Amino acid sequence: MNTTELAATAQAMVAGKRGILAADESTSTIAKRFASIKLESTQENRRLYRELLFTTAGAAEYISGVILYDETIRQKTSDGVPFPAYLADRKMIPGIKVDTGAKPLAGFPGETITEGLDGLRERLAEYHRLGARFAKWRAVIDIGAGIPSAYAVAANAEGLARYAALCQEAGIVPIVEPEVLMDGAHGIERCEEVTNFVLERVFAHLHAARIFLEGMVLKPNMVIAGKKCPQQASAAQVAEATVRTLKRHVPSAVPGIAFLSGGQSPAEATHNLSLMNAAGPLPWALTFSYGRALQETALAAWGGQAAAFAKGQQAFFVRAKLNSMAAGGSYQSSMESAAA
Ligand code: 5MM
């Protein structure tokens, strides 16, 4: 294991107020996103949309890396440049989603286990040859009556740890993503309780698997009330609870934490991140690794229309820039109307 290289890559992913674009939607997820703009999910439309995002002028100032999907890492720009080479040339590190999805966990109704360990060593070697220098694996934890169970959390934590070890062996930085969903009716306190439990388990398994902490990035949920909860927490409460939870479990050897947006609106995800960074010095870089919160406005502005390609890029540029400001703690909600 080349620890110097792993640590340098992990640092570069989270430093300089830049964050990560999650563009690793699987074929079924991107089809749902395209359905919102009534666009057919063909291979060419998927390529074109990713090209819109990756070739946005100036985005590299705010985007440190891009998580790709298996299909996307093999695709090229209209000029024939492979996406990984195009990104790397602009100092955006190419990454790859390597899990094969969350499947029902046998014996535990309503809970899932993320799969993808079979053949992972070989797949990582191929992705490294294709240019990937980091990877992502997402474990999904739902909150509901009687769930999550301790067993489901432990099984997912073990999957994350085994994945992370294989990544580091291959010279690839693992993004460790344990996502506590915000789908339910639970309050922020319950989310905090579950996120505490999940992070405690995840780091216990990472330690047991001998993960080199300086060569990984954590991608957690924010501590937030469920979407259906009548009592929504304020941004200040979300920021406070999230930082408190992370400080309890994430060793300072981990160079950075890059949040998922999880269904928050783009402005909400940016505001929450900014408040956390404005609150004071933290032991790790706190940045973004958003999918929907970076892409929603771009997708809508483009609408699948060739004539609106530049409009889509402009919308993506705005979100990338505002989130970079949030990574520095200097975003203000008033900037939303100025940017629109
Ligand atoms: C981009 O969405 C990712 C892929 O999901 P599927 O495997 O379900 O297609 C997802 O893992 C994403 O990277 C993270 O959840 C962050 O995205 P959001 O939209 O929550 O910021």
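Scroll up to find the structure this text is about.
Let me begin by describing the structure that accompanies this report. Not measured: the values here are computed from a predicted model.

1. Comments concerning the nonpolar core
- The biggest cluster of nonpolar side chains holds 100 residues, and the ones touching the most others in it are Ile63 and Tyr163.
- Every residue in contact with Tyr163, bar those within four places of it in the chain, is listed here: Val98, Leu117, Leu120, Ala135, Lys136, Trp137, Pro174, Ile175 and Val176.

2. Here we look at the site of the ligand
- Ser26, Thr29, Lys97, Lys136 and Ser261 are the nearest of the 17 residues found near the ligand.
- Between Lys97 and the ligand, the recorded distance is 2.7 Å, taken from a side-chain N or O atom to an oxygen atom.
- Within the contact set of the ligand, an oxygen atom lies 3.5 Å away from a side-chain nitrogen or oxygen of Arg138.
- Burial of the ligand by the protein chains amounts to 90% of its free accessible area of 500 Å².
- Contributions of two or more residues to the shell around the ligand are made by strand E6 (134-141) and strand E7 (173-180).
- Here the residues of the shell around the ligand are counted per class, giving three nonpolar, five polar and nine charged.

3. Observations regarding the environment of Thr55
- Residue position: Thr55 is located in the loop between helix H3 (43-54) and strand E2 (63-68).
- Residue Thr55 is classed as partly exposed on the basis of its relative accessible area of 21%.
- In sequence terms Thr55 and Tyr86 are 31 residues apart; their C-alpha atoms lie 8.5 Å from each other.

4. Some thoughts on helix H12 (residues 309-327)
- Here H12 is 19 residues long and its end C-alpha atoms lie 27 Å apart, about the 27 Å a rise of 1.5 Å per residue gives.
- Buried within H12 we find Gly312, Gln313, Ala315, Phe316, Val318, Arg319, Ala320, Leu322, Asn323, Ser324, Ala326 and Ala327.
- A positive phi of about 75° marks Gly329, the residue just after H12.

5. Thoughts on the packing of aromatic side chains
- For the structure on display, the rule yields eight aromatic pairs.
- Their ring planes at 70° and their centres at 5.6 Å tell us that Tyr62 and Phe317 sit as a pair that is edge-to-face. With Tyr62 in the loop between H3 and E2 and Phe317 in helix H12, this pair connects stretches of sequence that are 255 residues apart.
- Taking the relative accessible area as the measure of exposure, Tyr62 reaches 9% and is therefore buried.
- Pairing Phe288 with Tyr290 gives two aromatic rings, centres 5.8 Å apart and planes at 40°, and the pair type is tilted. The burial state of Phe288 is the same as that of Tyr290; both residues are buried.

Parameters at a glance
- Residues numbered from 1 in each chain as written.
- Predicted model: local features only at pLDDT ≥ 70, side-chain atom pairs only at ≥ 80, totals over all residues.
- Heavy atoms only, no water.
- Core = buried A, V, L, I, M, F, W, Y, C linked by side-chain atoms within 4.5 Å.
- Buried < 20%, exposed > 50% of the residue type's maximum accessible area, 1.4 Å probe, protein only.
- Contact = heavy atoms within 4.5 Å.
- Near = heavy atom within 4 Å.
- Polar contact = N/O pair within 3.5 Å; in protein donor to acceptor, adjacent residues only side chain to side chain.
- Areas by Shrake-Rupley, 256 points an atom, 1.4 Å probe, with all protein chains shown as cover.
- Helix = DSSP H or I, 4+ residues; strand = E, 2+ residues; numbered from the N terminus.
- Nonpolar A, V, L, I, M, F, W, Y, C, P; charged D, E, K, R; others polar.
- Expected span 1.5 Å × (residues − 1).
- Phe/Tyr/Trp six-rings, centres within 6.5 Å; stacked < 30°, edge-to-face > 60°.

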